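So the chains spell out like this:
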Amino acid sequence: MTVKEIASILEAKFLCCEEEGDRQVHSAFASDMMSDVLAFVTEDTLLLTGLINSQSVRTAEMLDLPALVFVRGKNPHQDAVERAKMIGMPALITHLTMFEACGRLYQSGLGAVEIEDYDGEMEI
Amino acid sequence: MMIKETYQVTAGDMTAAGDVSARIKRHMKQLGIPASVMRRVAVGTYEAEINLVIHSDGGRIDFAITPEGIDIRVVDVGPGIADIEKAMTEGWSTATNEVRNMGFGAGMGLPNMKRNADEFTIASEVGVGTDIHMLFRI
Ligand SMILES: Nc1ncnc2c1ncn2[C@@H]1O[C@H](COP(=O)(O)OP(=O)(O)OP(=O)(O)O)[C@@H](O)[C@H]1O
Ligand SMILES: [Mg+2]
C-alpha cells in the first residue's frame with residue numbers, strides 16, 4: 001500500500017512531503033510510547049501516533065520509516081512538522097481516532113508488525 | 001582509516017534530544033555503512049541520548065569506527081544508577097509524568113540498546129555517573 005492510499009483511507013491531509021506519497025508501506029504500528037516503537041518496529045512500517053512533539057518524527061527518522069500519521073486531529077508542534085520537512089518524511093494528520101484509523105487500515109489489508117521473540121506465552 | 005568523534009549532550013533539553021543521533025546517522029550514511037547496521041546504531045544511540053537528557057546531569061557520546069565495527073560510548077557525570085539489574089528490566093522506569101507525556105519512560109531504552117548491539121556493557125556508580133559501551137559489528 002502506498003502512503004497516498006493510506007491518506008485516502010484515513011481521510012488524512014499531508015502536512016508535508018506529499019511528493020513522497022508513492023512510498024510503500026507493508027505494516028503499521030500504533031503507539032504514543034516511542035521506546036516501544038523503537039523496540040518492535042521493522043522496515044517499511046507506518047507509525048500512527050497521538051504524540052505530537054518532534055520526538056515522534058525523530059523516532060520515525062531513526063528507523064527510516066516511510067511515513068507517520070498523527071491521529072485524532074491533534075495538530076503536531078511546529079518543530080515536529082519542520083523536522084519532517086527537513087528530512088523529507090511524509091507526515092499526515094487524520095481526524096479519526098487511533099482505534100478507527102487502525103481499524104480502517106487493518107480492514108484494508110495492512111498487517112501488524114511481527115514481534116520476534118513472542119513464543120505464544122505471555123509473562124504475567 | 002580510524003574515525004572518532006565526540007558529541008556533548010545537554011541534560012533536560014528535550015527539543016534538541018535526538019540531534020546527536022541524527023548527526024551520527026548522517027555520518028554513517030556518508031561512510032556507506034549498511035542500512036541494517038545503521039538502524040541498529042541509530043536506535044541504540046537515540047535511546048542513550050534520550051537517557052542522557054531525561055535521567056542524567058549531562059554527558060557525551062563517542063562515535064568511533066574500529067576494525068571491530070562501530071563503537072559507541074556513552075558517559076555521563078551523574079547521578080548514576082543504584083540498581084543496574086532493575087534498570088535493565090523491561091518496563092522498569094523512574095521517568096516522570098512529564099517525560100511520559102513526551103513519549104518516553106516505558107522502561108525499554110536500556111533493553112533496546114542491549115538487543116540492538118552485538119556487545120553491550122554498562123557500569124554505574126551513584127554520585128559519579130554511568131558508562132555504557134556498545135559495539136555494532138558491520
Ligand atoms: N544515564 C542514566 N543516569 C541515571 N539513571 C539512568 C540513566 N539511564 C537510565 N537510568 C535509569 O534506568 C531506568 C531505565 O532506563 P531505560 O532507558 O531502560 O528506561 P526509561 O528511560 O525510563 O524509559 P524509555 O527508555 O522506555 O523511554 C530509568 O528510568 C532511570 O531510572
Ligand atoms: Mg530510556
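Within any chain, residue numbers begin from 1 and follow the written order of that chain's sequence. A letter from A marks each chain and a number from 1 marks each ligand, given out in the order of writing. Given that this is a predicted model, residues contribute local features only at a pLDDT of at least 70 and side-chain atom pairs are listed and counted only at 80 or more, while totals for whole chains, interfaces and linings are drawn from all residues. Side-chain measures were taken over the full set of non-hydrogen atoms in the model, leaving aside hydrogen atoms and water.

**Digging into the overall build of chain B**
In terms of helices and strands, chain B carries 5 helices and 5 strands. Per the convention used, a helix needs a DSSP run of H or I reaching at least four residues, while a strand needs a run of E reaching at least two, with both numbered from the N terminus. Ordering the α and β elements of chain B from the N terminus gives β-α-α-β-β-α-α-α-β-β. Compactness check: chain B gives a C-alpha radius of gyration of 14 Å against a globular reference of 14 Å for 138 residues, within 12% of the reference. Each residue gets one of three labels from its accessible area relative to the maximum for its type: buried under 20%, exposed over 50%, partly exposed in between, using a 1.4 Å probe on protein chains only. The proportion of buried residues among the 138 residues of chain B is 52%. Long-range pairs, those at least 24 residues apart, make up 61% of the contacts in chain B with a sequence separation of at least 6. Surface exposure here means Shrake-Rupley accessible area, sampled with a 1.4 Å probe, where a residue is shielded only by the protein chains that are shown. Accessible area of chain B: about 6,500 Å², with a carbon and sulfur share of 50%. Positive and negative charge centroids in chain B, built from 14 and 18 side chains respectively, lie 7 Å apart. The reference for a compact globule is 2.2 Å times residues^0.38; the radius of gyration itself is calculated from the C-alpha atoms. Whether two residues touch is decided by their heavy atoms; if any such pair falls within 4.5 Å, the residues are in contact. For the charge count, each Lys or Arg is scored as positive and each Asp or Glu as negative, with His and the chain ends excluded. By convention, the point assigned to a charge is CZ for Arg, NZ for Lys, CD for Glu and CG for Asp.

**Brief notes about the state of the cysteines**
Residue and element names in this part refer to chain A. Criterion for a disulfide: a pair of cysteine sulfur atoms at a distance within 2.5 Å. The full count for this structure, using the stated rule, is 0 disulfides over all chains. In this structure C16 is not part of a disulfide, and its nearest cysteine sulfur, from C17, lies 3.4 Å away. When its relative accessible area of 8% is taken as the criterion, C17 is described as buried.

**What about the site of ligand 1?**
Residue and element names in this part refer to chain B. What surrounds ligand 1 is a group of 20 residues, the closest being H55, S93, T94, G105 and M108. Identification of polar contacts relies on pairs of N or O atoms within 3.5 Å, with a donor-acceptor requirement for protein atoms, meaning one able to donate a hydrogen and the other able to accept it, and with residues adjacent in sequence counted only if both atoms are side-chain atoms. In this structure, H55 approaches ligand 1 through a side-chain N or O atom, which is 2.7 Å from an oxygen atom. The separation between an oxygen atom of ligand 1 and a polar side-chain atom of T94 is 2.5 Å. Here ligand 1 has 590 Å² of accessible area as a free molecule, and 96% of this is covered by the chains. When contributions to the shell around ligand 1 are tallied by element, the ones reaching two or more residues are helix 2 (35-55) and helix 5 (109-116). Ten residue types, Ala, Val, Leu, Ile, Met, Phe, Trp, Tyr, Cys and Pro, are classed as nonpolar, four, Asp, Glu, Lys and Arg, as charged, and the remainder, Gly among them, as polar. Taken together, the residues of the shell around ligand 1 sort by class into 8 nonpolar, 10 polar and 2 charged. Note on terminology: near, applied to a residue and a molecule or strand, indicates that one of the residue's heavy atoms is within 4 Å of it.

**Points about the interface of chain B and chain A**
Chain B puts 27 residues into the contact, and the matching count from chain A is 24 residues. Salt bridge, as used here: a side-chain nitrogen of Lys or Arg that lies within 4 Å of a carboxyl oxygen of Asp or Glu. Counting across the interface, chain B meets chain A through 3 salt bridges. The residue A:R58 makes a salt bridge to B:D19 at a minimum N-O spacing of 3.0 Å. Taken together, chain B and chain A are joined by 14 residue pairs in polar contact (both at pLDDT 80 or more). Listing elements by their share of the side of chain B that touches chain A, those giving two or more residues are helix 1 (19-30), helix 2, helix 4 (97-101) and helix 5 of chain B. Counting residues per element, the side of chain B that touches chain A draws most heavily on helix 2 of chain B, which supplies 7 residues. Here the residues of the side of chain B that touches chain A are counted per class, giving 13 nonpolar, 8 polar and 6 charged.

**Notes on the confidence of the model for chain B**
Scored from 0 to 100, pLDDT reflects the predictor's confidence in each residue. The pLDDT averaged across chain B works out to 96; a share of 99% of its residues lies at or above 70. Predicted complex metrics record ipTM = 0.95 and pTM = 0.95.

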